[in-house]
Amino acid sequence: MGSVVVGVRAACDAGGGEVLAMKAGSSLEDAGLAIHEGGATSTGVVGAARGYQNIMAEEVKLFRTWSTPFALRIVWALKIKGVEYETIFEDLYNKSPSLLQYNPAHKKVPVLVHNGKPISESYVILEYIDETWKETPLLPEDPYERAMARFWAKFGDDKVFTSIFGGVFVKEGKEQEEAMVEAMENLQFLEEELRGKKFFGGERIGFVDLALGWLANLISILEDVAGLKIVGEDKFPLLSAWMKDFADSPIIKDNWPPRDKMIAKFQALRDAKLAAAASK
Amino acid sequence: MADEIILLDFWPSMFGMKVRIALAEKGLKYEYRDEDLFNKGPLLLEMNPIHKKIPVLIHNGKPICESQIIVQYIDEVWKDKSPLLPSDPYHRAQARFWADYIDKKIYNLGSKLIRSKKENLEIPKKEFIECLKLLEGELADKSYFGGVKLGLVDIALVPFCSSFYAYETFANFSIEEECPKLNLWAKRCMEKESVSSSLPHQQKVYDFILQVRRQFGLE
């Protein structure tokens, strides 16, 4: 009963209206973020927590893992727009039937389910959120500016993330040096895009900031684990400043995953990748 | 002031074809420039310095890159004619999802079919057909993925039809047998002027791919 009270109180205190639904039998350790939020350990608590919130006409669910940066974009967008939603944490080694039903094509997270209808792929979800809940728009109105925003978001995933996480982070020695050259080139494009702006969206956070936001948290974790500097203040003064401003912004700052868990996870990832490469 | 539209493209590029179809659907006049991808011109390098790739749409001097982004830009600027996306946000999201799926999965699997030696084609072929069947399921009994008219998903997939003969010949299968509904959809699309005028002939694409395969020692 004690855990029910904690769960309800935390759900009310967490101003964004997030209610955590854990699969029965999950441990608090599996929850990770749930400890952070004072969450529930059984779906029975969800019902009790809901009683303390306004019963919304809409039902919004977000399937995600505790750590994936692609889902954080969705969390930020929903909270910036004040949308109430329920989180379902997935174990990617044991995907729930719901996830497989909602995203049969890719079987991946994040998936947003709005009144029973699923939407997959983080940028598709972001645009859906922007078109459905029109307050605090994420994308600009002008078609050319929108095209530019979509371009930078895609560049972030296809090039920046791939060259850092899929390149620099999982390599060592000469291979890492070569990967670093490409990563630096990609980061330089972002540095130039920030010229004259506080955020990529201008005066306030927009679509591109949410798309690139993973940099503001994951970079320092990857740097700690791999033991090297990727985004140096001297080389990337604007990007470094943006990373701090973004990470400390309201809503954003309350939703980072636990750092110690992230360090452990990415250390294990890097070790596994290097071991696999060495055994070839 | 009349719009000035230039398209930097390469005739067998399926990504370029998407843009050609979108421009044709909107009835837009534009200057088409075929780029030499082994000797990229200064305009391409200036307009797409980050990726140095085609297609690039240049509208009144301003460049837009990445085919999916270009097609949505065209749809948003010339929004009063032949809308390519539905108005309902959920259906728009579904269209964007499938267009993205096609760009990633179909393109990669199709590439594998073309780049693999004959003895290594069984698995890519199986995966390719599975993806086509998934799309066929999504088409269901509609005339087009967009419903009664061509939409974003049709535009994303139809360029692959120009390579169908190549895929079938290299990997030894028949799309008509494996995906009859999709085959009919492809024929239906090709009856439209905007599609038939934007796609190269399947034989021409086959000859081009064969030449590339020979250069890489795959034939």
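The rules we used
Residues numbered from 1 in each chain as written. Chains lettered and ligands numbered in written order. Predicted model: local features only at pLDDT ≥ 70, side-chain atom pairs only at ≥ 80, totals over all residues. Heavy atoms only, no water. pLDDT = per-residue confidence, 0-100. Contact = heavy atoms within 4.5 Å. Phe/Tyr/Trp six-rings, centres within 6.5 Å; stacked < 30°, edge-to-face > 60°. Buried < 20%, exposed > 50% of the residue type's maximum accessible area, 1.4 Å probe, protein only. Helix = DSSP H or I, 4+ residues; strand = E, 2+ residues; numbered from the N terminus. Lys NZ or Arg CZ within 6 Å of the ring centre and 35° of its normal.

**Regarding the confidence of the model for chain A**
Mean pLDDT over chain A: 84, with 80% of residues reaching 70 or higher. In the model, residues 1-55 of chain A has pLDDT below 50 throughout and makes 71 contacts with residues more than four positions away in sequence or in other chains.

**Examining the packing of aromatic side chains**
All told, the structure shown has 30 aromatic pairs over all chains when counted by the stated rule. On the numbers, 6.4 Å between centres and 90° between planes, the contact of Tyr128 of chain A with Trp133 of chain A is edge-to-face. Note on Trp133 of chain A: relative accessible area 9%, which makes it buried. Relative to Trp242 of chain A, the ring of Phe200 of chain A has its centre 5.0 Å away and its plane inclined at 75°; by these criteria the two rings are edge-to-face. Note that Phe200 of chain A is positioned in the loop between helix H9 (173-193) and helix H10 (207-212) and Trp242 of chain A in helix H12 (residues 237-247), a separation of 42 residues in sequence. We classify Trp242 of chain A as buried; its relative accessible area is 0%. Grouping aromatic residues by their ring pairs yields a cluster made of Phe70, Phe161, Phe165, Phe169, Trp214 and Phe266 of chain A. The aromatic ring of Trp66 of chain A is capped on one face by Lys261 of chain A, whose charged end is 4.3 Å from the ring centroid. Over the ring of Phe170 of chain B we find Arg213 of chain B, and its NZ or CZ is 4.5 Å from the ring centre.

**Overview of the confidence of the model for chain B**
Low pLDDT marks regions whose predicted coordinates should not be analysed in detail. Model confidence for chain B is summarised by a mean pLDDT of 95, while 100% of its residues fall at 70 or above. Here the prediction assigns the complex a pTM of 0.87, and the interface score ipTM is 0.95.

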